[in-house]
Each structure stands twice: as C-alpha cells, then as structure tokens.
Amino acid sequence: MTDPADSIEIQNVVASTGIGQELDLEALAEDLPGADFNPDNFPGLVYRTQEPKAAALIFRSGKIVCTGAKSIDDVHEALGIIFEKLRGLSIPVEEDPEITVQNIVSSADLGHQLNLNALAIGLGLEDVEYEPEQFPGLVYRMDEPDVVILLFGSGKIVITGGKRTDDAEEAVEEIVERIEALGLLG
Amino acid sequence: RLRKWQERIRTKDAGERNLQFALSEIDRMASALGVPRSVREVASVIYRRALKEDLIRGRSIEGVATAALYAACRQEGIPRSLDEVAEVSRVEQKEIGRTYRYISQELGLELKPVDPKQFVPRFASALGLSEETQAKATEIIDVSAEQGLLSGKSPTGFAAAAIYAASLLCNEKKTQREVADVAQVTEVTIRNRYQEQIEAMGFR
DNA sequence: AGATTACTTTACAAAGC
DNA sequence: GCTTTAAAAAGTAATCT
C-alpha cells in the first residue's frame, strides 16, 4: 500500500523578488559572465546558476524572477548567489529581499493506470479538459487547493499552480479520493 | 441625432457583414470537408451563440467560425480532425484547438472525447475497404479501448491502426502509408498503435 | 526501423510592445 | 495577446543514420 503522496517530487519552483535598486542591464551583461541579454527579444537579462541549478530573469527595475529550482531552499540559495554577485559588482542590494514563491510544479504517481475517458465524464466534463488529439493528458482544475492537475493514462500526474509545498500533497489526496469515489482507481 | 443614427447603422452593418462573412466561411469550409448541411446549421448556431456571449472579442472571426465547425462535426458524430479542419481554414491548427477549447468551455458544450470508431466509415471508404473490414476495425477499437489502450492516444491514430490491422485480417491489405495518408498520421504512429492492438486482440 | 530532437499542455512572475 | 525562463507528464512528428 504505497501512498501516492509519498511519490510527490517537486520539479520546479518559480519565485519573484527584487533588490530595490534600478539596474543598467547593458553594463550588467558585460560584468556578469554567462549572462544572456537580448533586449530586442525580451526585456530581462538571463543568468543561470550551476549549483543549485536555476535560471534568473533580471529586470531593469531590479525585480528578479527565479525558475528551475527543485525546492524552495534551492530558490533562496540561488537568489542568494545572485545577490552576492551583484554586491560584488558594487551594486547595492537590500539586506534581505523578500522572496515570494509564485508557483510550484510537482509530479506524482497514483500507482494505477487510468481510464481517462471514463475519468473525463466522471469528474464532470465542465471541470475537465481532455483532448487527446492535442495533448495526452487530462487537465483538471481543482478549487481546493487551487491547483491544476494533469492526469495521464499511466497514472502519473503533474500538479501545478500551487504556492505552498502542502498544496501538492492536499491535491493528491483529494484527486485520489475523487477517483476512488468513481471506482476508477485500481 | 443624425450622427448617432449613422453610427448605429454603421455598427449594425459591420456586425451584419461580419456575421455574413462568418457564415459564408463556415459554408465554404463545410463544403470543402464534405460535411452535410445539417452540420453547417449546427455550426451556425454555435457561432451565433458565441457571438451572443461575446466570445469573439480578442479572437478572429475566422478562428471562431472554424472552431464552431469543428465542434459541430463532433456534436453530430462525424468528427473531422483538427488537421483536416486546418487544411481548409486560414487559421492555424494550434489556434483552432485553443479557440475550440475556449468556446466549448464557455458555451458548456460538454462534448465527450472523440470516439475513434467515428472515423472508421470515412477512412475505410476512402481506402475502398468492405463493410466486413470496417466491422473488424470497429471490433478492434472496442476490444483494445476496453483494455485501457486508448487513454491519451490520438483518436485518428488509434482508428488508423485498427483499420490497418483489419485490412490485414480480412485479406484486403492496405499499406501503412496508404492508411497514414487518409488519416493524416505518420506510419510510426500506426505501427506503435497496431502492435498494442493486435496484442490486445490476442494475436501476435 | 531506431535514435534524437522538438513540439503539444498546465502554472507563474517579470517589462514592454 | 506575445515575447523568455524552468520542469514534469506521454504522444506525435520530423529528421538522420
């Protein structure tokens, strides 16, 4: 009896923050080795950290988006590295910038194959998007917690849109309950 | 005042012209796809509903018209794939799919997932296959879907593989390429689905 | 006929067009 | 709306050997 909640793995965390200081991205692109800046394409400068692996989008306003980290701790660590890099370039950075987690993407395994056709009808066509011609996953929008779940025929799922670590666990418990209530799991 | 009347008439005319354009586009695409008149009328009703619910704001008239036709075909049980619909529309497939999902949700169409069996008569007759082979393909779809092989798979690819398998079993062999061409899928997809289906049927 | 690479879907922030 | 960034799921597709 393995609990599907135990299979949850955080795959990506998106967070935002700001250093409270305007930046000259042209100059920063010169001083920061490995930085990608193509203002014609996108207004943000892209900077990648190796350990932990993450990507940061740095904007002229001083606001920063961090994505690609595998945990909230990694987000803080990666942004800490960036803050230090900026300070090293004698750019004033607030002592402890507030970091807001915007989205957590997790994956999990329900441990049984799923009949997506039956599930689409059972969960209610009004809350479900299942168009296998366009994408193999069934898209289920859950209200509590407020997340979106992608369910696949293999029983593997993706939970996204949550801001707290607990959201994924609650979502898995809830979806398992709903699928079991329909008699469509195992 | 006169200004206001003129503006109202102009707006009304523009709206009327847009509606006429949309309906003529639905008619043109429906003819090109060879769908019956009844389906065009269902598509027109869906388009008018979308217009009434103000769903066209921010999207192209042609996109909504195409999505309405795609939805109508599904509702009437004679689906066309997004690929086929995109071929006769000036809107790209991705946009048609997105618009369909949007109007489907907003109008509460609640259309069930496309049943691969609904492609069998059209694909099989395009290949000149007998009723017997069609019945076999339908049986293969039923059996393999019942065993859970359909989840997440493209309905056209699933139907194409079943038709290919049935053509072999009924000694009316069509090549994977021939079937792939009418179903607008690749031979690779047919091979993959075919392998799973014959195993589900207990052959091998 | 593989293998590889790439694209489809979901969520989210950022600044600017 | 779009642009960019990241990551998972599984199916489909294009291209190369």
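Residues numbered from 1 in each chain as written. Chains lettered and ligands numbered in written order. Predicted model: local features only at pLDDT ≥ 70, side-chain atom pairs only at ≥ 80, totals over all residues. Heavy atoms only, no water.

Trainee: What am I meant to see in the overall build of chain A here?
Mentor: Summing up its helical and strand segments, chain A has 4 helices and 10 strands in all. Beginning at the N terminus, the succession of helices and strands in chain A can be written as β-α-β-β-β-β-α-β-α-β-β-β-β-α. Computed over the C-alpha atoms, the radius of gyration of chain A is 20 Å, more than 25% above the 16 Å expected from 2.2 N^0.38 for a compact globule of 186 residues. Across its three principal axes, chain A shows a C-alpha extent of roughly 60 × 35 × 25 Å. In chain A, which comprises 186 residues, the share counted as buried stands at 44%. Of the contacts made within chain A by residues no fewer than 6 positions apart, 59% connect residues no fewer than 24 positions apart. If the 12 positive side-chain charges of chain A are averaged to one point and the 36 negative ones to another, these points end up 5 Å apart. (Helix = DSSP H or I, 4+ residues; strand = E, 2+ residues; numbered from the N terminus. Rg over C-alpha atoms; globule rule 2.2 N^0.38 Å. Buried < 20%, exposed > 50% of the residue type's maximum accessible area, 1.4 Å probe, protein only. Contact = heavy atoms within 4.5 Å. Lys, Arg positive; Asp, Glu negative; His and termini not counted. Charge placed at Lys NZ, Arg CZ, Asp CG, Glu CD.)

Trainee: Hey, could you run me through the interface of chain A and chain B in this one?
Mentor: Contacts between chain A and chain B engage 16 residues on the former and 20 residues on the latter. Taking both partners together, chain A and chain B bury about 1500 Å²; carbon and sulfur atoms supply 48% of that area. The largest share of the area that chain A buries against chain B comes from Leu125, Glu133 and Gln134 of chain A, three residues that together contribute 39% of it. For the interface between chain A and chain B, the tally reads 2 salt bridges. Between Glu131 of chain A and Arg74 of chain B there is a salt bridge, with the nearest N and O atoms lying 2.6 Å from each other. For the interface between chain A and chain B, the tally reads 7 residue pairs in polar contact (both at pLDDT 80 or more). (Buried area = accessible area lost by both parts, 1.4 Å probe. Salt bridge = Lys/Arg side-chain N within 4 Å of Asp/Glu carboxyl O. Polar contact = N/O pair within 3.5 Å; in protein donor to acceptor, adjacent residues only side chain to side chain.)

Trainee: What is the right way to read the nonpolar core from this model?
Mentor: Generally speaking, a soluble globular protein has its nonpolar side chains buried in company with each other. Residues and elements named next belong to chain B. Grouped together as the largest cluster of nonpolar side chains are 36 residues, with contacts concentrated most on Val35, Ile46, Tyr47, Leu69 and Leu107. Of all the secondary-structure elements, those providing two or more residues to this core are helix 1 (2–33), helix 2 (37–52), helix 3 (61–75), helix 4 (82–88) and helix 5 (93–106). Broken down by element, this core gets its largest block of residues, 9 residues, from helix 3. When near neighbours in sequence (up to four residues on either side) are disregarded, Tyr47 contacts Leu19, Ala22, Ile26, Ile56, Ile61, Val64, Ala65 and Ala68. (Core = buried A, V, L, I, M, F, W, Y, C linked by side-chain atoms within 4.5 Å.)

Trainee: Explain the protein's contact with DNA strand D here, please?
Mentor: Taken together, 30 residues form the shell around DNA strand D, and within it Lys53, Thr67 and Ser154 of chain A together with Arg98 and Arg193 of chain B come nearest. Here, DNA strand D places atoms within 4 Å of the protein, and 73% of those atoms are sugar or phosphate. Side-chain polar atom of Arg48 of chain A to a phosphate oxygen of DNA strand D: 3.0 Å apart, as the coordinates give it. Between DNA strand D and Ser154 of chain A there is a distance of 2.3 Å, counted from a phosphate oxygen to a side-chain nitrogen or oxygen. Where the surface near DNA strand D is concerned, the elements lending two or more residues are strand 1 (9–18), strand 3 (45–49), strand 4 (54–58), strand 5 (63–69) and strand 10 (156–162) of chain A together with helix 10 (187–200) of chain B. For the surface near DNA strand D, the class distribution of residues is 12 nonpolar, 11 polar and 7 charged. (Near = heavy atom within 4 Å. Nonpolar A, V, L, I, M, F, W, Y, C, P; charged D, E, K, R; others polar.)

Trainee: Help me out: how do you make sense of the layout of surface pockets in this one?
Mentor: The probe, sized like a water molecule, is rolled over the atoms to show the empty space still left. By volume, the largest pocket amounts to about 350 Å³. Together, 20 residues line the largest pocket, and Asn117 of chain A together with Pro113, Val114, Asp115 and Leu150 of chain B are the ones closest to its centre. A per-element tally of the lining of the largest pocket places helix 7 (residues 131–146) of chain B first, with 4 residues. For the second largest pocket, the calculated volume is near 250 Å³. In terms of lining, the second largest pocket is formed by Met1, Thr2, Asp3, Pro4, Ser7, Asp109, Leu110, Gly111, His112, Val176, Glu180 and Leu185 of chain A. For the lining of the second largest pocket, the per-class residue count stands at 5 nonpolar, 4 polar and 3 charged. (1 Å grid on protein atoms, 1.4 Å probe; cavity = no way out; pocket = protein on both sides within 12 Å on 5 of 7 lines; lining within 4 Å. Points joined across faces, edges and corners; volume = space filled by probe spheres on them.)

Trainee: What am I meant to see in the environment of Leu116 of chain A here?
Mentor: Its place among the elements puts Leu116 of chain A in helix 3 (residues 116–123). Separated by 56 residues in sequence, Leu116 of chain A and Val172 of chain A have C-alpha atoms that sit 17 Å apart.

Trainee: What is the right way to look at helix 3 of chain A in this model?
Mentor: One turn of an α-helix holds 3.6 residues; hence residues three or four places apart share an orientation. Residue and element names in this part refer to chain A. Within helix 3, burial applies to Leu116, Leu119, Ala120 and Leu123. Buried residues in helix 3, looked at end-on, bunch into an arc of 105°, giving them a common side. At its buried positions, helix 3 is contacted by strand 7 (128–129), strand 8 (138–142), strand 9 (147–151) and helix 4 (165–181). Looking at the residues trailing helix 3, positive phi occurs at Gly124, about 105°. (Arc of directions from axis to C-beta.)

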